[in-house]
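Structural overview
One letter stands for each residue in the lines below.
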Amino acid sequence: MAVLLDGKVMAAELMEGLKARVEALKNKGVSVGLAVVLVGEDPASQVYVRNKGKACEELGILSETIRLPESTTQEELEALIDRLNHDHRMDGILVQLPLPKHLDEAAVLRKIIPEKDVDGFHIENAGKLFTGQEGVVACTPKGILHMLKTAGVPLSGKDAVVIGRSNIVGKPIAMLLLNENCTVTICHSRTKDLSAHTKRADILVAAVGKAKFVTADMVKEGAAVVDVGINRVDGKVVGDVDFENVAPIAGYISPVPGGVGKMTIGMLMENTVEAAERKAK
Ligand code: NDP
């Protein structure tokens, strides 16, 4: 039976460490602040934003949630970001995605100064990751790597297969694993014979968005399987991996819920604290 990559336990440990770092900054007279911008009424986004506020509260981070109506224009949103870029109380700015269709998401993300881009989505931070320079790393991939390292999963020289090539999960986790000297394969909807790839994987990351997509026959015995998927089935949240049947053959496995999702918020907090530490320097 696989070792559980327990996001709840790992995130709780991470939060303890961060609490001490926030305290240390406060003792030096440096406050830590995160601004979260939510446009519209998307129900899932409302939940994510609430959870981010709660995590800030737990750590003693000043959090400001700015809720804007669905009808907000590009100019209004960019003007707000401009203001937050200049607000010294705010070390991080997060624009909750997805934005309503009429808004230009890429332009909005470019507007955030890279130092305050705690989501790591700015093209400059993405570019730094791809060129091996230090920058802000996107929270979900950063959380996945943290889980693998905390559990002591060997990475160097191992075969890693990532299913999914989105800018927020698939591509950045592939780059992080490459930086750890894995041999990385990125699979997507046009990949031929997906199983042939996944069966070779020592590390398998599923970021597809399809419930129980990864089945036991696709997994190599002893592999570390990381499930990024969040799918709602009959009112329940399930991952991209058929946990019940994959867990008995995997070496490590992350559950949903209680896996990567927990780490994502933890990493957002870490990116915010790191931004404040840079400011303090
Ligand atoms: P996207 O929809 O942007 O990407 C999904 C990827 O899966 C695409 O690259 C797509 O390929 C690929 N794909 C779809 N069908 C297949 C298939 N049949 N075979 C192989 N590949 C396929 O999703 P995200 O990356 O944004 O998110 C993925 C999942 O992770 C979602 O469930 C999301 O909710 C969850 N998520 C969880 C987070 C967390 O904190 N736990 C954070 C972010 C996301 P193609 O490019 O060819 O279309």
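Structural notes, computed from the coordinates. (Residues numbered from 1 in each chain as written. Predicted model: local features only at pLDDT ≥ 70, side-chain atom pairs only at ≥ 80, totals over all residues. Heavy atoms only, no water.)

**With respect to the overall build of the chain**
- The number of helices and strands found in the chain is 10 helices and 11 strands.
- Computed over C-alpha atoms, the radius of gyration of the chain comes to 19 Å, within 12% of the 19 Å expected from 2.2 N^0.38 for 281 residues, which places it in the range of a compact globule.
- With the C-alpha coordinates aligned to their principal axes, the bounding extent of the chain is approximately 50 × 45 × 40 Å.
- When burial is assessed residue by residue, the chain has 48% of its 281 residues classed as buried.
- About 13,400 Å² of surface is accessible on the chain, with carbon and sulfur atoms providing 53% of the total.
- Across the chain, the 34 positively charged side chains and the 37 negatively charged ones have centroids separated by 1 Å. (Helix = DSSP H or I, 4+ residues; strand = E, 2+ residues; numbered from the N terminus. Rg over C-alpha atoms; globule rule 2.2 N^0.38 Å. Buried < 20%, exposed > 50% of the residue type's maximum accessible area, 1.4 Å probe, protein only. Areas by Shrake-Rupley, 256 points an atom, 1.4 Å probe, with all protein chains shown as cover. Lys, Arg positive; Asp, Glu negative; His and termini not counted. Charge placed at Lys NZ, Arg CZ, Asp CG, Glu CD.)

**What to know about the pattern of salt bridges**
- For the structure on display, the rule yields 11 salt bridges.
- Measuring nitrogen to oxygen at the nearest pair gives 3.6 Å for the salt bridge that ties Glu64 to Arg89. Of the two residues, Glu64 is situated in strand S3 (residues 62-68) and Arg89 in the loop between helix H3 (74-85) and strand S4 (92-95); the sequence distance between them amounts to 25 residues.
- For the salt bridge of Lys142 with Glu274, the shortest nitrogen-to-oxygen distance reads 3.3 Å. You can see Lys142 sitting in helix H6 (residues 139-150) and its partner Glu274 sitting in helix H10 (residues 260-280), a full 132 residues away along the chain. (Salt bridge = Lys/Arg side-chain N within 4 Å of Asp/Glu carboxyl O.)

**Considerations on the side chain of Asp91**
- Its location among the elements puts Asp91 in the loop between H3 and S4.
- In terms of polar contacts, Asp91 uses its side chain to reach the side chain of Lys279, at 2.8 Å.
- Discounting chain neighbours no more than four positions away, the residues touching Asp91 are Ser31, Val32, Gly33, Glu115, Lys116, Val118, Thr272, Ala275, Ala276 and Lys279. (Polar contact = N/O pair within 3.5 Å; in protein donor to acceptor, adjacent residues only side chain to side chain. Contact = heavy atoms within 4.5 Å.)

**Things to note about the state of the cysteines**
- Inspection of the entire model under this criterion finds 0 disulfides.
- Sulfur of Cys56: no disulfide; nearest cysteine sulfur belongs to Cys139 and is 11 Å away.
- The buried category is assigned to Cys56, whose relative accessible area is 0%.
- Assessed through its relative accessible area of 4%, Cys139 is described here as buried. (Disulfide = S-S within 2.5 Å.)

**As for a nonpolar patch on the surface**
- On the surface, a nonpolar cluster with roughly 230 Å² of combined accessible area is contributed by Val47, Tyr48 and Ile230.
- By the element assignment, Val47 lies in helix H2 (residues 43-59). (Patch = residues over 30% accessible without salt bridge, like charges linked within 9 Å, V, L, I, M, F, W, Y side chains within 5 Å.)

**Quick notes on helix H7 (residues 170-179)**
- Most of H7 sits inside the fold, with 7 of its 10 residues counted as buried.
- Listed in full, the buried residues belonging to H7 are Gly170, Pro172, Ile173, Ala174, Met175, Leu176 and Leu177.
- Just beyond H7, the residue with positive phi is Asn181, at close to 70°.

**A short note on the site of the ligand**
- Around the ligand lies a shell of 21 residues, among which Arg165, Ser166, Ser189, Ile230 and Thr264 are the nearest.
- Lys210 places a side-chain nitrogen or oxygen 3.1 Å from a nitrogen atom of the ligand.
- For the ligand, an oxygen atom lies 2.8 Å from a polar atom in the side chain of Thr264.
- Counting residues per element, the shell around the ligand draws most heavily on H10, which supplies 3 residues.
- Residue composition of the shell around the ligand, by class: 9 nonpolar, 10 polar and 2 charged. (Near = heavy atom within 4 Å. Nonpolar A, V, L, I, M, F, W, Y, C, P; charged D, E, K, R; others polar.)

**Quick word on the nonpolar core**
- Membership of the largest hydrophobic core comes to 51 residues, with the highest contact counts inside it found for Leu148, Leu177 and Met269.
- Those residues in contact with Leu148, other than ones at most four positions away along the chain, are Leu5, Val153, Leu155, Leu177, Ile203, Ala224 and Val226.
- Core analysis: the second largest hydrophobic core is formed by 18 residues, Leu194, Leu204, Val219 and Val241 among them. (Core = buried A, V, L, I, M, F, W, Y, C linked by side-chain atoms within 4.5 Å.)

**Considerations on the packing of helix H1 (residues 7-27) against H10**
- Following both chains from N to C, one finds H1 and H10 inclined at 20°, their axes separated by 9 Å at the closest point. Classified by the interaxial angle, the pair formed by H1 and H10 is roughly parallel. The way H1 lies across H10 gives a crossing that is left-handed. Two secondary-structure elements touch here, H1 through Gly7, Lys8, Met10, Ala11, Leu14, Met15, Leu18, Arg21, Val22 and Leu25 and H10 through Lys262, Met263, Gly266, Met267, Met269, Glu270, Val273, Glu274, Ala276, Glu277 and Ala280.
- Considering only residue class, the contact of H1 with H10 consists of 13 nonpolar, 2 polar and 6 charged. (Axes fitted to C-alpha atoms, helices over the stretch in contact; angles between N-to-C directions. Parallel < 35°, antiparallel > 145°, perpendicular 65-115°, else oblique. Left-handed = near helix turned anticlockwise from the far one by under 90°.)

**Description of the pairing of strand S5 (residues 159-163)**
- When you tally the buried positions in S5, you get 4 out of 5 residues, the bulk of the element.
- Both S5 and strand S6 (residues 183-187) contribute to a ladder of 5 bridges, which runs parallel. Looking at S6, one finds that Ile163 is bridged to Cys187.
- Handedness of the crossover joining S5 and S6 through H7: right-handed.
- Inspection of the sheet shows S5 paired to strand S7 (residues 203-206) by 4 bridges, in the parallel sense. Counterpart to Val161 in the pairing with S7 is Leu204. (Pairing = 2+ DSSP bridges. Right-handed = clockwise from strand over helix to strand, strands pointing away.)

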